[in-house]
Amino acid sequence: MYRVYIETTIPSYLVSKPNRDIIVLTHQEITKIWWETQKSNYELYISEYVIQEIIRGDSSLSKKRVEILNDMTILEHNNFIENLVRTYLENLKFPVKAIIDLFHIACSVYYEMDYLLTWNCKHLANAHFKSKLLKFNNTSGLKTPEICTPEQLIMEV
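Residues numbered from 1 in each chain as written. Predicted model: local features only at pLDDT ≥ 70, side-chain atom pairs only at ≥ 80, totals over all residues. Heavy atoms only, no water.

A. Focus on helix α2 (residues 22–37). Along its 16 residues, α2 runs 22 Å from first to last C-alpha, staying within 8% of the 22 Å computed at 1.5 Å per residue. Along α2, the residues that are buried comprise His27, Gln28, Ile30, Thr31, Trp34 and Trp35. Looking straight down α2, one finds that the buried residues subtend no more than 165° of arc, so they occupy a single side. Opposite the packed face of α2, turned more than 90 degrees from it, sit the exposed residues Ile22 and Glu36. (Helix = DSSP H or I, 4+ residues; strand = E, 2+ residues; numbered from the N terminus. Expected span 1.5 Å × (residues − 1). Buried < 20%, exposed > 50% of the residue type's maximum accessible area, 1.4 Å probe, protein only. Arc of directions from axis to C-beta.)

Below, the structure is given as structure tokens:
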């Protein structure tokens, strides 16, 4: 069974109110469909970084986000992840203000996830970034997860 790291945007889209922006609304609906029809095809994981992010904001929504992730394995922080984030910052020209995204990447790399599921297309599911990350990780002997959206991670049954 494939291993999937669930990044923060997934539970956020699952519990948020329908957005007025048609693109975001479509992403919310695709996420719900994926969650209902596809999640059982995968082993799902989160990290402490996801928990740090989902507990922020509206308390009723943060409670719902925590509840839907309750039964998932939490991948623990360690020094390798910390050092990998520093290395990525130095080598991938990643914006410091989005450092939490590097923690998601480093965690999914360290734990050798098959996929990192996200709607963060600015920093994570971005073709230019994914290309740089893949080249860097290949040179470093690290396995790079496929970074994708729920729309891209549909398993034919």
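From this point, the narrative continues.
B. Broad picture of the pairing of strand β1 (residues 2–6). Where β1 and strand β2 (residues 42–47) come together, 4 bridges link them in parallel fashion. Considered in β2, the bridge of Tyr2 is made with Tyr42. Pairing of β1 with strand β4 (residues 115–117) involves 3 bridges; the strand directions are parallel. By the bridge assignment, Ile6 is partnered in β4 with Leu117. (Pairing = 2+ DSSP bridges.)

C. Geometry of the environment of Asn83. One can find Asn83 in helix α5 (residues 79–91). Distance from Asn83 to Leu14, taken between C-alpha atoms, is 32 Å for residues 69 residues apart in sequence.

D. Fine view of the side chain of Gln28. By the secondary structure assignment, Gln28 is in helix α2. There is a polar contact of 3.0 Å between the side chain of Gln28 and the backbone nitrogen of Asn19. Once residues lying within four places of it in the same chain are set aside, the contact partners of Gln28 are Tyr13, Ser16, Lys17, Pro18 and Asn19. (Polar contact = N/O pair within 3.5 Å; in protein donor to acceptor, adjacent residues only side chain to side chain. Contact = heavy atoms within 4.5 Å.)

E. Local environment of the nonpolar core. Ranked by size, the top nonpolar core spans 48 residues in total, and within it Ile6, Trp35, Tyr88 and Ile105 carry the most contacts. No other element matches helix α6 (residues 99–110), which puts 6 residues into this core. Beyond its immediate chain neighbours, meaning those up to four positions away, Trp35 contacts Ile6, Ile10, Leu14, Leu44, Ile68, Leu69 and Met72. (Core = buried A, V, L, I, M, F, W, Y, C linked by side-chain atoms within 4.5 Å.)

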